[in-house]
Amino acid sequence: MGLQESLASGKFVVTSEIGPPKGTKIDEMLHDAELLRGRVDGINVTDLQSSVMRLGSLAVCHLLKERGLEPIFQMTCRDRNRLALQSDLLNAYVLGIRNVLALTGDYASLGDHPHAKPVFDLDSVSLIGVIKKLEMGTDMVGNPLNGAPNFFVGAVVNPGGNPVEAQIIKMEKKIRAGASFFQTQAVYDVGAFEKFMKRVAPFKVPVLAGIILLKSAGMARFMNKNVAGVFVPEPLIQKMAKAEDRTKTSIEIAAELIKDLRGMCRGVHIMPIGWESKVPAVLDVAKL
Amino acid sequence: MLLSQQKPLEEILKSLEGEKNIFILGCNGCAEASGTGGKAQVLEMKGELEKAGKRVTGFTVVDFLCQKALVQSRLRGKAKEVKEADSILAMTCGVGIQAVAAVSSKVTHPACNTIPLGGMRGEWRGSERCRECGDCILDATGGICPLTACSKYLLNGACGGTTKEGKCEVDPEMECGWRLIYERLEKLGKMEKLHQIHEPKDHSKMMPPKGLRLTERWALEQGR
């Protein structure tokens, strides 16, 4: 079942993600992907995550597809102009990739090539619009295509954005441009997320809440200080600080969050950031 | 206003290698304001070059080194000193350096780097900047340009990288341009403008229009 069908079926949907390696050794990454087989409805493949040069999302999505997994092709506007983005969308389609997550992308200076030229020729909203044009059988300027692709297009939203109203306005623009589902930035503050979901309920578009596994109290504090829109409440930080078995506590926290979020949104998107092997345990504890 | 910054002395001296006699040109325009090419910096440079064993045949500070006619006439007044020089060291921005190189038969060395401001500033000091994009959208953004105020020049609203303090995650010193736009539109009661979807920029409009090349003004600038 594809991601689109999973969402249409009304079930609580789970997606997760893998990050391609910096280099050509892919066995570990494929092993991580195998751990998710049968447990998730889609696997995001990050696009030069954190602006670090590495193996690309397109090739890895293809490898997942070949293995019968359901890839979600993350596509950012940071590194390609409008010609390259459109071409890679056609590339993705002929390689059997159907899910695209359209993102603006991190700024280049945050990664390991801070001297790179940041592109941002398109932005997330216009990229979604371009995908829709390709599906209608023309490129973005109206030239006919010999064969049109067809995608299930997703986008992201930051429920902790500042101000959140600006994020909601942009979310609505993404929906108008053609986004059919959303994944969010990491959620820890269930109360705040509930308020956000009430605000966006009229959009009637599936939202998968972001879950990042807390590895330590230090990581939580780091994110509170440095990651825009992420807020880990103090009780969770204390729980991690006092944990005897940090892994176990982390899994429990994530599972608890998932249980709390279950009634509020259509699913969750688990970003393991190196803890891919823990994802099945989280799903076990969350009874998913 | 073009902002310039003096190159490291080491780099300047390397570019002057094999040349003994140097003529220094300063600029009383933006370079003076940048503290890189006014009279004080020219005299300082003269001292440094002499310390390094060079002979400074002469120097002058021109009001605007980017004005070729002006540069040409001032160099004529210093014809003897310029003639004696192996090269000219121009302490100004990239436009000034090119103007000097265009009107002089001597090699022109840049003493400064021109620092990107992410768009042109007005002639008078201020923080507003213009990318000269050829298709102004300030009407939709409350008079704040997202091409210069946003790190990613986003047209359709903030990314997820606005910090709790409302800054840009790329640079904690920098305001999130889209937060400023949001607040301005809120103040103006024009929030509906935020819902407008903007098409990607037409980058061909960021090139000087062909028609401009046919004008008298352009021809004058080209010295035709």
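On a predicted model such as this, the values are computed, not experimentally measured, just so you know. Sequence order as written defines the numbering, with residues in each chain counted from 1. Going through the entries in the order they are written, you letter the chains from A and number the ligands from 1. Totals for whole chains, interfaces and linings use every residue, but because this is a predicted model, local features are given only for residues with pLDDT of at least 70 and side-chain atom pairs only at 80 or more, for both listing and counting.

Overview of the overall build of chain B
Secondary structure elements follow DSSP: runs of H or I no shorter than four residues count as helices, runs of E no shorter than two count as strands, and numbering proceeds from the N terminus. Helix and strand content of chain B: 9 helices and 10 strands. For chain B, the spread of C-alpha atoms along the three principal axes comes to 65 × 45 × 25 Å. In chain B, which comprises 224 residues, the share counted as buried stands at 33%. Two residues qualify as being in contact provided that their C-beta atoms, derived from the backbone, are within 7 Å of each other. In chain B, once contacts between residues fewer than 6 apart in sequence are set aside, the share between residues at least 24 apart is 60%. Exposure classes come from backbone-placed C-beta atoms, where a residue is buried if 20 or more other C-beta atoms lie within 10 Å of its own, exposed if 12 or fewer do, and partly exposed in between.

Remarks on the pairing of strand β6 (residues 112-115) of chain B
All names here are of chain B. Here β6 shows a clear split, with C112 and T114 buried on one side and none of N113 and I115 buried on the other. Following DSSP output, two strands are said to pair if at least two bridges run between them. In terms of strand pairing, strand β1 (residues 3-6) meets β6 through 4 bridges, oriented antiparallel. Looking across to β6, one finds that L3 is bridged to I115.

Observations concerning unusual backbone geometry
Most peptide bonds are trans, and most residues other than glycine sit at a negative phi. With an omega of -5°, the peptide bond running from N162 of chain A to P163 of chain A counts as cis. Residue position: P163 of chain A is located in the loop between β5 (152-157) and α6 (164-177). Phi at E132 of chain B is positive, roughly 55°, even though this residue is not glycine. With respect to the helices and strands, E132 of chain B occurs in the loop between β8 (129-130) and α7 (146-149).

Focus: the sheet that holds strand β4 (residues 99-103) of chain A
Residue and element names in this part refer to chain A. Around the barrel, 8 strands lie side by side as β1-β2-β3-β4-β5-β6-β7-β8; this closed barrel has parallel pairing. Strand-to-strand twist of the sheet, defined as the mean angle between neighbouring strand axes without regard to direction, takes the value 30°. Pairing geometry for strand β3 (residues 71-76) and β4, over 5 bridges, is parallel. Across the sheet, residue F73 finds its bridge partner in β4, namely V100. The strands touched by helix α5 (residues 124-135) within the sheet are β3, β4 and β5, with β4 carrying the most contacts at an inclination of about 150°. Note on definitions: angles span 0 to 180 degrees between N-to-C directions of axes, and those axes are lines fitted to C-alpha atoms, for helices only across the stretch in contact.

Brief notes about the interface of chain B and chain A
Contacts between chain B and chain A engage 25 residues on the former and 27 residues on the latter. Each residue belonging to the side of chain B that touches chain A can be placed in one class, and the counts come to 11 nonpolar, 9 polar and 5 charged. Note that Gly is not counted as nonpolar here; it falls among the polar residues with everything else outside the nonpolar set of Ala, Val, Leu, Ile, Met, Phe, Trp, Tyr, Cys and Pro and the charged set of Asp, Glu, Lys and Arg.

Points about the environment of S180 of chain A
Residue and element names in this part refer to chain A. Considering the arrangement of structural elements, one finds S180 in the loop between α6 and β6 (181-186). Sequence-wise, S180 and L89 are 91 residues apart; in three dimensions their C-alpha atoms are separated by 17 Å. Every residue in contact with S180, bar those within four places of it in the chain, is listed here: F152, V153, G154 and V205.

Describing helix α3 (residues 39-51) of chain B
All names here are of chain B. Across its 13 residues, α3 extends 18 Å between first and last C-alpha, which sits within 8% of the 18 Å expected from 1.5 Å per residue. Within the sequence span of α3, burial applies to Q41, V42, M45 and L49. Angular distribution of buried residues about the axis of α3 spans 100°; they occupy a single face of the element. Opposite its buried face, α3 presents the exposed residues A40, G47, E50 and K51, each directed more than 90 degrees away. The inward-facing, buried residues of α3 contact β2 (21-27), β3 (55-62) and β4 (87-91). Downstream of α3 by one or two residues, G53 has phi in the positive range, about 90°. The span you would expect from a helix comes to 1.5 Å times its residue count less one. By construction, the arc corresponds to the directions joining the helix axis to the C-beta atoms.

Focus: the sheet that holds β4 of chain B
Neighbouring strands of a sheet are bound in pairs by backbone hydrogen bonds; such pairs are parallel or else antiparallel. Residues and elements named next belong to chain B. In space, the 4 strands of this open sheet follow the order β3-β2-β4-β5, with parallel pairing throughout. The two strands at the open ends of the sheet, each matched to only one other strand, are β3 and β5 (107-110). Across this sheet, the average inter-strand angle for adjacent strands is 25°, counted without regard to direction. In this structure, β2 lies alongside β4, joined through 5 bridges in parallel fashion. What sits directly across from F23, in β4, is I88.

Section: the confidence of the model for chain B
For chain B, per-residue confidence averages 92 on the pLDDT scale, and residues scoring 70 or more make up 96% of the total. Interface scoring of the predicted complex returns ipTM 0.90; its pTM is 0.90. Confidence of the prediction at every residue is given by pLDDT, a number between 0 and 100.

Topic: α6 of chain A
Helix length check: α6 of chain A, at 14 residues, gives a terminal C-alpha distance of 20 Å against a target of 20 Å (1.5 Å per residue), a fit within 8%. For α6 of chain A, the secondary structure elements touched by its buried residues are α5, β5, β6 and α7 (190-200) of chain A together with α8 (177-188) of chain B.

Let's talk about the nonpolar core
In this structure, F73, A102, I131, F182 and I211 of chain A are the most contacted members of the largest nonpolar core, which totals 97 residues. Apart from residues no more than four positions distant in its own chain, A102 of chain A is found in contact with M75, S124, L127, I128, I131, V153 and A155 of chain A. Note on terminology: a nonpolar core is any set of buried Ala, Val, Leu, Ile, Met, Phe, Trp, Tyr and Cys residues joined through C-beta atoms within 7 Å. Within the second largest apolar cluster, 32 residues are counted, among which are C30, V56, V61 and C93 of chain B.

Digging into the environment of T57 of chain B
Residue and element names in this part refer to chain B. By the secondary structure assignment, T57 is in strand β3. C-beta crowding within 10 Å serves as the criterion here: with 19 such atoms nearby, T57 is assigned to the partly exposed category. For the pair T57 and L70, spaced 13 residues apart in sequence, the C-alpha separation works out to 20 Å. Sequence-distant contacts of T57, that is, excluding residues within four places in its chain, are made with N21, I22, F23, E81, E84 and A85.

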